[in-house]
Amino acid sequence: MSEVRTVGVIGAGQMGTGIAQVCALAGFDVVLYDVSFEQARQGVAKVQAGLDRQVAGEKIAATERDEALARLKAADGVNDLAPCDLVIEAATEKEEIKRRIFAQVCPVLRPDAILASNTSSISITRLAAGTDRPERFLGIHFMNPVPVMKLVELVRGIATDDAVFEASKAVVQKLDKTIIVSEDFPGFIVNRILIPMINEAIYTLHEGIGSVESIDASMRLGANHPMGPFQLADFIGLDTCLSIMQVLHDGLADSKYRPCPLLVKYVEAGWLGRKTKRGFYDYRGETPVPTR
């Protein structure tokens, strides 16, 4: 296989811009694509802000930032992804949306281009089967926030070619990330363990066993977690937590993965966490206040 030099990233949200940032810093040419050129340009601005923070924190030099920005461009339409050797989809965690994106993107990619999904829970084999290149498809799951978190889960589908897997592994190694390989089962490794733990914390709140503050303090101080499960859920996004629980429940057919009704209620209310200023905490004031 030829070496990966140009990486396309689909989705200019928090995950997509983080992936674009680490790829550009590692020396790859990066094309950032979203539903509109304006959103892609806003994504590039987010990457610049992220790089500026790294310079201010003395994590990188100003010259490294400038060189990374020179390698990054906003896509003015899907055809701008055509030169990419590897394209990583980082859209919303909904299978129908991802499938629509792949149907739109596959016709413009070279036959030898690798296609990957940053999905945190959906079957790689099933996503791959809906494309024109199941043997050139795999899961590359970054952790949030991408520039900070060291772990990447690599997930091969049943059809993923060995050479494609090795080429993708080489890309992730250039990003200075630690790779773990997961089998293609719902939730993979991290979210198979993490999201049910968050769901159980919500059940603990729902059943009146403890308050938001007491449960978060219990896990921070009693289990030495860096943040409590409600703080973490608000950071991830309650809609994402619910989507992953639904994938686990549907895919594993086990009642222990049933999403807590209180989680469903928060998502229905549009209280999705930090991104909407309200979740299990209210972020509209100077300090977060528990909403329950």
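Remember, predicted model here, so these are calculated numbers, not experimental data.

**Student:** How would you sum up the environment of Leu262? Please name residues and give values.
**Tutor:** Here Leu262 is to be found in helix α11 (residues 261-269). Spatially, the C-alpha atoms of Leu262 and His206 are 6.3 Å apart, while their sequence positions differ by 56 residues. Once you skip the residues sitting within four places of it in the chain, Leu262 turns out to touch Ile202, Leu205, His206, Phe280 and Arg292.

**Student:** Can you explain the UniProt feature "binding site: NAD(+)" (unreviewed entry) in the protein chain? Please cite residues and give values.
**Tutor:** The feature "binding site: NAD(+)" (unreviewed entry), as given by UniProt, occupies Gly11, Ala12, Gly13, Gln14, Met15, Gly16, Asp34, Glu93, Lys98, Ser120, Asn144 and Lys275 in the numbering adopted here. Here Gly13 shows up in the loop between β1 (6-10) and α1 (14-25). Here Gly13 falls in the partly exposed class, since its relative accessible area comes to 30%. When near neighbours in sequence (up to four residues on either side) are disregarded, Gly13 contacts Asp34 and Lys46. For Lys98, the position within the fold is in helix α4 (residues 95-105). Filtering out sequence-adjacent residues up to four positions away, Lys98 remains in contact with Glu89, Ala91, Thr92, Glu93, Ser117, Thr119, Ile122 and Leu127. Within the structure, the side chain of Lys98 is placed 2.5 Å from the side chain of Glu89, a separation counted as a polar contact.

**Student:** I'd like to hear about the domain arrangement of the protein chain, residue by residue, with values.
**Tutor:** It is common to report an interface's size as the accessible area lost on association of the parts. Looking at the assigned domains, one finds that the protein chain contains domain 1 (6-183) and domain 2 (189-290). Put simply, the middle of domain 1 and the middle of domain 2, counted by C-alpha atoms, are 27 Å apart. Summed over both sides, the interface between domain 1 and domain 2 buries roughly 830 Å², with carbon and sulfur atoms accounting for 60% of that surface. Three residues stand out in domain 1 for area buried against domain 2, namely Glu93, Ser120 and Ser121, and they jointly supply 38% of the buried area on that side. Here domain 1 is connected to domain 2 by zero salt bridges.

**Student:** Lay out the sheet that holds strand β7 (residues 151-156) in plain terms, naming residues and giving numbers.
**Tutor:** Strand order across the open sheet formed by eight strands is β3-β2-β1-β4-β5-β6-β7-β8, with mixed pairing between neighbours. Each end of this open sheet is capped by a strand with a single partner; those strands are β3 (72-74) and β8 (178-182). In this sheet, neighbouring strand axes are inclined to one another by 25° on average, regardless of whether the strands run parallel or antiparallel. In this fold helix α2 (residues 37-56) packs onto β2 (29-33) and β3, with an angle of close to 150° to the strand it touches most, β3. Together, β4 (86-89), β5 (114-117), β6 (137-142), β7 and β8 form the strand contacts of helix α6 (residues 162-174), whose direction differs from that of β7 by roughly 175°.

**Student:** Break down the pattern of salt bridges for me, with residues and values.
**Tutor:** Any two side chains of opposite charge can pair, given that their charged atoms come close. The final tally for this structure, using the stated rule, is 17 salt bridges. Residue Asp52 is joined to Arg65 by a salt bridge in which the shortest nitrogen-to-oxygen separation is 3.2 Å. Taken together, the residues Asp52 in helix α2 and Arg65 in helix α3 (residues 62-70) connect sequence positions 13 residues apart. For Lys73, the salt bridge identified is with Asp80, shortest N-O distance 3.8 Å. Residues joined by salt bridges that share partners form a network here, namely Glu3, Arg5 and Lys174.

Here is what the cut-offs are and how they apply
- Residues numbered from 1 in each chain as written.
- Predicted model: local features only at pLDDT ≥ 70, side-chain atom pairs only at ≥ 80, totals over all residues.
- Heavy atoms only, no water.
- Helix = DSSP H or I, 4+ residues; strand = E, 2+ residues; numbered from the N terminus.
- Contact = heavy atoms within 4.5 Å.
- UniProt positions renumbered as here; feature names shortened; annotations may be inferred.
- Buried < 20%, exposed > 50% of the residue type's maximum accessible area, 1.4 Å probe, protein only.
- Polar contact = N/O pair within 3.5 Å; in protein donor to acceptor, adjacent residues only side chain to side chain.
- Domains from an automatic or database assignment.
- Buried area = accessible area lost by both parts, 1.4 Å probe.
- Salt bridge = Lys/Arg side-chain N within 4 Å of Asp/Glu carboxyl O.
- Pairing = 2+ DSSP bridges.
- Axes fitted to C-alpha atoms, helices over the stretch in contact; angles between N-to-C directions.

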